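# Architecture and fold: a report
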Amino acid sequence: MIRPIKSEADYDSALADIDNLMGAAPNTPESDELEILVTLVEAYEAKYWPIEAPDPIAVIEHVMDARGLRQRDFAELIGSQPRASEVLNRRRPLTLAMIRALSANWNLPADVLVREYDLATTA
């Protein structure tokens, strides 16, 4: 019987039920139950353990690391080595032109890149 998830115990129970239902044949009562449980678990996790999007510089650094790109590659994309250094060191914000270039050429989601983030303060 499917019930709302109201506690950690309910959550753990739903996860165990999902585990038992994995591999259910499509278009069966078991697959329907699995789909409903997954939806309930996702809603519970979104409410109690939301995952915030990373800041734009963290995304750029992660993508560069994952793809084996270097600061030089970023500089070529945005047109200037000093500007690339300033952006990656959080001394200069991303501009709309930079965001468009990152989105178009590196397939990064623009909605993540336009998020506000802290810049380094100068002493």
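Residues numbered from 1 in each chain as written. Predicted model: local features only at pLDDT ≥ 70, side-chain atom pairs only at ≥ 80, totals over all residues. Heavy atoms only, no water.

Each helix and strand in the protein chain was counted, giving 7 helices and 0 strands. Taken from the N to the C terminus, the helices and strands of the protein chain come in the order α-α-α-α-α-α-α. The principal-axis extent of the C-alpha atoms belonging to the protein chain is close to 60 × 35 × 20 Å. Split into buried and exposed, the 123 residues of the protein chain put 29% on the buried side. Partitioning the intrachain contacts of the protein chain with sequence separation of at least 6 by distance along the chain shows that 56% fall at a separation of at least 24. (Helix = DSSP H or I, 4+ residues; strand = E, 2+ residues; numbered from the N terminus. Buried < 20%, exposed > 50% of the residue type's maximum accessible area, 1.4 Å probe, protein only. Contact = heavy atoms within 4.5 Å.)

Our focus in this paragraph is the pattern of salt bridges. Under the counting rule described, the total for this entry stands at 3 salt bridges. With its nearest N and O atoms 2.6 Å apart, the salt bridge here joins Arg92 to Glu86. (Salt bridge = Lys/Arg side-chain N within 4 Å of Asp/Glu carboxyl O.)

Okay, the packing of aromatic side chains next. Counted by the stated rule, this structure contains 5 aromatic pairs. When the centroid spacing of 5.8 Å and the interplanar angle of 90° are considered together, the rings of Tyr44 and Trp49 count as edge-to-face. Judged by its relative accessible area of 39%, Trp49 is partly exposed. Where Phe74 meets Trp106, the ring centres are 6.1 Å apart and the plane angle is 45°; that geometry is what we call tilted. Of this pair, Phe74 sits in helix α4 (residues 71–78) while Trp106 sits in helix α6 (residues 96–106), and the two are 32 residues apart along the sequence. Phe74 sits in the buried class, given a relative accessible area of 0%. Judged by its relative accessible area of 9%, Trp106 falls in the buried class. Taken together, the aromatic side chains of Tyr11, Tyr44, Tyr48 and Trp49 make up a single cluster linked through ring pairs. (Phe/Tyr/Trp six-rings, centres within 6.5 Å; stacked < 30°, edge-to-face > 60°.)

Here the focus is unusual backbone geometry. With phi around 60°, Arg90 is a residue other than glycine that occupies positive phi space. Within the secondary structure layout, Arg90 lies in the loop between α5 (81–88) and α6. Looking at Arg90, the relative accessible area reads 22%, which means it is partly exposed. Backbone geometry at Asn107 places phi at a positive 55°, although glycine is not the residue there. Here Asn107 lies in the loop between α6 and α7 (110–113). Residue classification places Asn107 among the exposed residues on the basis of a relative accessible area of 63%.

One rule of thumb: low pLDDT means the predicted coordinates there are not for detailed reading. For the protein chain, the mean per-residue pLDDT works out to 94, and 98% of the residues sit at or above 70. Averaged pLDDT values over the elements of the protein chain bottom out at 94 in α7 and peak at 97 in α4. (pLDDT = per-residue confidence, 0-100.)

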